[in-house]
Amino acid sequence: MLKGRSGLIWLVLSIILLALDQITKWVVSTEMSLYQTIDILPVFNFTYVHNYGAAFSFLSEAGGWQKYFFSIIAVTISVLLIYWLKKLPATNKLLCSAYALVLAGAIGNLIDRLVHGYVIDFLHVYYQQYDFPVFNIADVAISIGAALLLLDAFFEQKESDK
């Protein structure tokens, strides 16, 4: 099925994750009040927040220019990922899935920045007094994609050492 195809077939994964990201953000923003929390597990809840910065609210207090900066970065990365997917064989599952995940996350958060001026976050992991920054499905996709990129680089290094 994948033999002879370019990695662009993996855009299906990006589209599915992008849809999941946007649907969950829409549900949260229409069904919850800003800063509202819904307890799910003793270490996890939904907390609706707006993130005007990047990861971990980096540059969230920068005065507004960061929206355009992060948008330009997201567009540039997205174009590069699509180009690289086109060049890759679809059978390179690890690298194609990594690119598709990062692409879905970048576009998901880009849509938020362009439509709302901020990113909608709602997944909140914590333990006692320790809080992990609130994140979303796009952030999860980017994180897993980045981990897969590291894994691919590790395996590639192992192959070149032989």
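This write-up is about the structure you can find in this document. (Residues numbered from 1 in each chain as written. Predicted model: local features only at pLDDT ≥ 70, side-chain atom pairs only at ≥ 80, totals over all residues. Heavy atoms only, no water.)

1. Quick word on the pairing of strand S1 (residues 37-41)
- Relative to strand S2 (residues 44-51), S1 is paired through four bridges, and the arrangement is antiparallel. Directly across from Ile 38, in S2, lies its bridge partner Phe 46.
- Hairpin connection between S1 and S2: a loop of two residues separates the two successive antiparallel strands. (Pairing = 2+ DSSP bridges. Helix = DSSP H or I, 4+ residues; strand = E, 2+ residues; numbered from the N terminus.)

2. What to know about the side chain of Thr 47
- Tracing the backbone through its elements, the reader meets Thr 47 in strand S2.
- In this structure the side chain of Thr 47 is engaged in a polar contact, spanning 3.1 Å, whose partner is the side chain of Thr 37.
- A distance of 3.4 Å separates a polar atom in the side chain of Thr 47 from a polar atom in the side chain of His 124.
- Setting aside its immediate chain neighbours within four residues, Thr 47 contacts Tyr 35, Gln 36, Thr 37, Asp 121, Phe 122, His 124 and Val 134. (Polar contact = N/O pair within 3.5 Å; in protein donor to acceptor, adjacent residues only side chain to side chain. Contact = heavy atoms within 4.5 Å.)

3. A short note on the environment of Val 140
- Mapped onto the fold, Val 140 is located in helix H4 (residues 137-161).
- Separated by 39 residues in sequence, Val 140 and Leu 101 have C-alpha atoms that sit 8.7 Å apart.
- In this structure Val 140 touches Leu 123 and Phe 135, once residues within four positions along its chain are discounted.

4. Quick notes on the pairing of strand S3 (residues 119-127)
- With seven of its nine residues buried, S3 lies for the most part within the structure.
- Note that S2 and S3 share six bridges and pair antiparallel. Each residue of the ladder has a partner; that of His 50, found in S3, is Ile 120.
- The sheet contact formed by S3 and strand S4 (residues 130-131) spans two bridges and is antiparallel. Note that in S4 the partner of Tyr 126 across the bridge is Asp 131.
- Taken together, S3 and the strand that follows it, S4, pair antiparallel across an intervening segment of two residues, in which Gln 128 is found at a positive phi of about 50°. (Buried < 20%, exposed > 50% of the residue type's maximum accessible area, 1.4 Å probe, protein only.)

That is the geometry; function is a separate question.
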